[in-house]
Amino acid sequence: MTNPRKSRDARSLRPATQLIHGGTLRSRFEETSEALFLTQGYLYDTMEMAEARFKGDDPGFIYSRFANPTVSMFERRMALLEGAEAARATASGMAAVTASLMGQLKAGDHVVAARALFGSCLYVVEELLPRFGVESTLVEGTDLDAWRAAMRPNTKTAFLESPTNPTLEIIDIAAVADIMHDHGATLVVDNVFATPLLQHPMKLGADCVVYSATKHIDGQGRVLGGIILASEKFIADNIHNYLRQTGPCLSPFNAWTLLKSLETLPVRVEAQGRSAERIADFLAERPDVIRTLYPGRSDHPQAELARRQMSGGGTMLSFEVAGGKAAAFRAANALSIIGISNNLGDAKSLITHPETTTHQRLKPEQREALGIGPGLLRLSVGLEDVEDLIEDLAQALDKAAAPRRHAAE
C-alpha cells in the first residue's frame, strides 16, 4: 500500500492540492479514486505476524475498530490540512468532542469552558463530566480575566468554540491558550464554524482541534463524522487508547465519502463565504432586521480579532428579525429556496431558530445572556446563486413584516 511515484513531501503542498492527493494509500491495483475497504478484520500470514501486530512491532492493521485503511487516509489528509502531527476519526462530531475531553480527564480534575457552546457540548461539560467527578466552570469566552479567574490547581483542560454557535462571537484563541499553558493545562478548540481553511487553532496555540466532519467537510448532507487533531503525544497519551477501548470509530464508508468531499472543500467554502458576505450586507440594510452578525463585517463586535485570527468571514451568519419569535417563524416558513434544518455547512442553504432547536435546552436566562433572542435566526449559506438567495430572503422578510405594517396602519 505505497505510492512510490509521489515523492514530494505533501506538507509542502498548498491546501487545495493536499485535499486531493494528501494521505492517499493505493493498493496494488493503482486505483485513481481512494479505495473503500469495507472490512471488519484482517488476516495474518502467520501467528508470529499476528503477535507482532498486537505488540505494536508490525505496523499493519488489526481490526477496523482500531484502524482501517480508508479511515487512515481521511485522518492523514485532515492532519496535513490542519498542520497536525496526528489525527483520529470518530463516528460524529460529538464523539470527537467527548473523546477529546474524556480522554484527558479523571475524577478530581477541573475543566473550564466558554459558556457560548452548542447545546450538546454544554451537556458534556455541565452534566456528563461532573457525573465522573470532573468539576466544570463556565466563563464568558471574550473576557480573558474570567478565564484567568477560573483557573484552579486541578484545572486540566479548557474547551471553546470560535466563532460560537449561533451568535458568531470570536474568542481570542492565542490568549486563552497562553492562560492555559501558564497553568499547565491544555486547550481544545471546536473549529467547525471557521472550517480548517479559514482558521488554524493549533498555530494560535491550541493543543487539540475537533470538527464535526458532518458539516463543511462532508458539506453535502450525506454522512456523519468527526475528527480529533493534535500532536502525536497528545493523541497517544489521551485519545488513541480511549477510542480503541470504547469504540466510537468512523465507518470506512463514511470515511470514503468524507475523502471525496475534501477534494471540493476549498471551492465550496470560498464560494459560500462570498455569498455569506453579500447576504450579510443585504440583511444589515433591512429596516426589519435588528442586527446582523457576521465575522467578515466591520460592525461585528470582535471585528478586529476576527481579521487577526481568521482569513475570511466564513459561511455562517445570524440575524435578528423585528417582531420576535412570531416574525422569525413567519420569515422562515415563507422561504422557498432556503431550507429549515438544524444542520449547517451544507451545499444547500439552511436556516434554523436556535431558541427552539439547537439551544432550546438552555434556560431562558442563559439564552438571554448569550444573545439568543426569540427573533434570532441562524443561516448557513450554501452554493445556490446568491441573487436567488437574497430574493428569497427579501420576499420572506416582507411577508414576516406585513402583519406589523397592517397593525400600524
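Residues numbered from 1 in each chain as written. Predicted model: local features only at pLDDT ≥ 70, side-chain atom pairs only at ≥ 80, totals over all residues. Heavy atoms only, no water.

Trainee: Looking at this model, I keep getting lost on the nonpolar core. Mind explaining?
Mentor: Considering soluble globular proteins, one finds that nonpolar side chains tend to be buried as a cluster. If you look at the biggest cluster of nonpolar residues, it comprises 32 residues, and the most contacted ones within it are Leu101, Leu117, Leu129, Phe159, Cys208, Val210 and Ile228. Among the secondary structure elements, those contributing two or more residues to this core are helix H4 (93–102), strand S2 (110–114), helix H5 (119–131), strand S6 (208–212), strand S7 (226–230) and helix H10 (232–246). Element by element, the count of residues in this core is highest for H5, at 6 residues. If we ignore the near neighbours within four places in the chain, the residues touching cysteine 208 are Ser100, Leu187, Val188, Val189, Ile228, Leu229, Ala230 and Phe234. (Core = buried A, V, L, I, M, F, W, Y, C linked by side-chain atoms within 4.5 Å. Buried < 20%, exposed > 50% of the residue type's maximum accessible area, 1.4 Å probe, protein only. Helix = DSSP H or I, 4+ residues; strand = E, 2+ residues; numbered from the N terminus. Contact = heavy atoms within 4.5 Å.)

Trainee: Would you mind showing me how to read the sheet that holds strand S8 (residues 289–293) here?
Mentor: As summarised here, the arrangement of the 5 strands in space is S8-S9-S12-S11-S10, forming an open sheet in which the pairing is mixed. Only two strands of the sheet have a single partner each, and these edge strands are S8 and strand S10 (339–340). Strands in contact with helix H12 (residues 265–284) are S8, strand S9 (316–321) and strand S12 (376–380); relative to S9, the strand with the most contacts, it is inclined by about 15°. Helix H14 (residues 324–334) contacts S9, S10, strand S11 (350–352) and S12 of the sheet and is inclined by roughly 125° relative to S9. (Pairing = 2+ DSSP bridges. Axes fitted to C-alpha atoms, helices over the stretch in contact; angles between N-to-C directions.)

Trainee: Can you walk me through the pattern of salt bridges in this structure?
Mentor: Opposite charge on two side chains permits them to pair, given that their charged atoms come into close proximity. Scanning all chains against the criterion turns up 19 salt bridges. Of the charged contacts in the structure, one is a salt bridge between arginine 53 and aspartate 58, with a shortest N-O distance of 2.7 Å. Linked by salt bridges that have partners in common, Glu34, Arg77, Lys260 and Glu263 make up one network. (Salt bridge = Lys/Arg side-chain N within 4 Å of Asp/Glu carboxyl O.)

Trainee: Sorry if this is basic, but what is going on with H4 here?
Mentor: A turn of α-helix holds 3.6 residues, and therefore any two residues three or four places apart point the same way. Within H4, 8 of the 10 residues are buried, which leaves it mostly tucked inside the rest of the structure. When H4 is considered as a whole, its buried residues turn out to be Gly93, Ala95, Ala96, Val97, Thr98, Ala99, Ser100 and Leu101.

Trainee: In this structure, what is going on with the environment of leucine 105? I would like to understand it.
Mentor: Counting through the fold element by element, leucine 105 comes out in the loop between H4 and S2. Sequence-wise, leucine 105 and threonine 155 are 50 residues apart; in three dimensions their C-alpha atoms are separated by 9.7 Å. In this structure leucine 105 touches Val111, Leu129, Val134, Lys156 and Thr157, once residues within four positions along its chain are discounted.

Trainee: Explain the sheet that holds strand S1 (residues 86–90) here, please?
Mentor: The strands making up a sheet associate through backbone hydrogen bonding, with each pair oriented either parallel or antiparallel. Read across the sheet, 7 strands follow the order S1-S7-S6-S5-S4-S2-S3 without closing on themselves; strand pairing throughout is mixed. Across the chains shown, the open sheet's two edge strands, defined by having one partner strand only, are S1 and strand S3 (135–139). Strand-to-strand, the axes of this sheet are offset by a mean angle of 20°, without reference to chain direction. Seen against the sheet, H5 touches S2, S3, strand S4 (155–161) and strand S5 (186–190) and runs at an angle of roughly 150° to S3. Against the sheet, helix H7 (residues 173–182) contacts S4 and S5, and its axis sits at roughly 150° relative to S5.

Trainee: Looking at this model, I keep getting lost on H10. Mind explaining?
Mentor: An ideal rise of 1.5 Å per residue puts 21 Å on 15 residues; H10 measures up with 20 Å between its terminal C-alpha atoms. If you look at H10, its biggest bend is around 45°, right at isoleucine 239. Within the span of H10, buried status applies to Phe234, Ile235, Asn238, Ile239 and Leu243. Looking at the packing, one finds that the buried side of H10 touches S1, H4, S5, S6 and S7. Note on H10: the residue one or two positions beyond its end, glycine 247, has a positive phi of about 85°. (Expected span 1.5 Å × (residues − 1). Bend = angle between axes of the 7 residues up to and from the residue.)

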